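Reading the structure
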Amino acid sequence: MQVHVRDNNVDQALRALKKKLQREGVFREMKLRRNFEKPSARKKRERAEAVRRHRKLLRKRIEREGF
């Protein structure tokens, strides 16, 4: 991943880098890998995340279509 520093403005480049890392999910991945997670717990968490994403998508769709 690259971020270009323009006009010696390192703070702006750092903010851009953090935003890119956040979007890619790097910080979340680091947090999850701090401790060992049993495979069964991982599957359960991932299923719950998928359900949450699906419900959010449905809420947005309903709001957009006006049901």
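Here, every reference points to the structure presented above.
Residues numbered from 1 in each chain as written. Predicted model: local features only at pLDDT ≥ 70, side-chain atom pairs only at ≥ 80, totals over all residues. Heavy atoms only, no water.

What follows concerns the overall build of the protein chain. The helix and strand inventory of the protein chain stands at three helices and zero strands. Ordering the α and β elements of the protein chain from the N terminus gives α-α-α. Compactness check: the protein chain gives a C-alpha radius of gyration of 18 Å against a globular reference of 11 Å for 67 residues, more than 25% above the reference. The principal-axis extent of the C-alpha atoms belonging to the protein chain is close to 50 × 40 × 15 Å. Put simply, the protein chain has 67 residues, and 6% of those count as buried. Carbon and sulfur atoms provide 50% of the accessible area of the protein chain, an area that totals close to 7000 Å². Across the protein chain, the mean location of the 24 positive side-chain charges is 5 Å away from that of the 9 negative side-chain charges. (Helix = DSSP H or I, 4+ residues; strand = E, 2+ residues; numbered from the N terminus. Rg over C-alpha atoms; globule rule 2.2 N^0.38 Å. Buried < 20%, exposed > 50% of the residue type's maximum accessible area, 1.4 Å probe, protein only. Areas by Shrake-Rupley, 256 points an atom, 1.4 Å probe, with all protein chains shown as cover. Lys, Arg positive; Asp, Glu negative; His and termini not counted. Charge placed at Lys NZ, Arg CZ, Asp CG, Glu CD.)

A word on the pattern of salt bridges. In the structure shown here, the tally under the stated rule is five salt bridges. As a salt-bridge pair, Glu49 and Arg28 come within 2.5 Å of each other at their nearest N and O atoms. Of the two residues, Glu49 sits in helix 3 (residues 39-65) while Arg28 sits in helix 2 (residues 26-33), which places them 21 residues apart along the sequence. With relative accessibility at 13%, the residue Glu49 sits in the buried group. On the basis of relative accessibility, which here comes to 47%, the residue Arg28 falls in the partly exposed class. A salt bridge links Arg45 to Glu37; the shortest N-O distance between them is 2.9 Å. For Glu37, a relative accessible area of 25% puts it in the partly exposed group. (Salt bridge = Lys/Arg side-chain N within 4 Å of Asp/Glu carboxyl O.)

The end-to-end C-alpha distance of helix 1 (residues 10-24), which contains 15 residues, comes to 21 Å, matching closely the 21 Å that a straight helix rising 1.5 Å per residue would cover. Trailing helix 1 by a residue or two, Gly25 shows a phi angle of about 85°, which is positive. (Expected span 1.5 Å × (residues − 1).)

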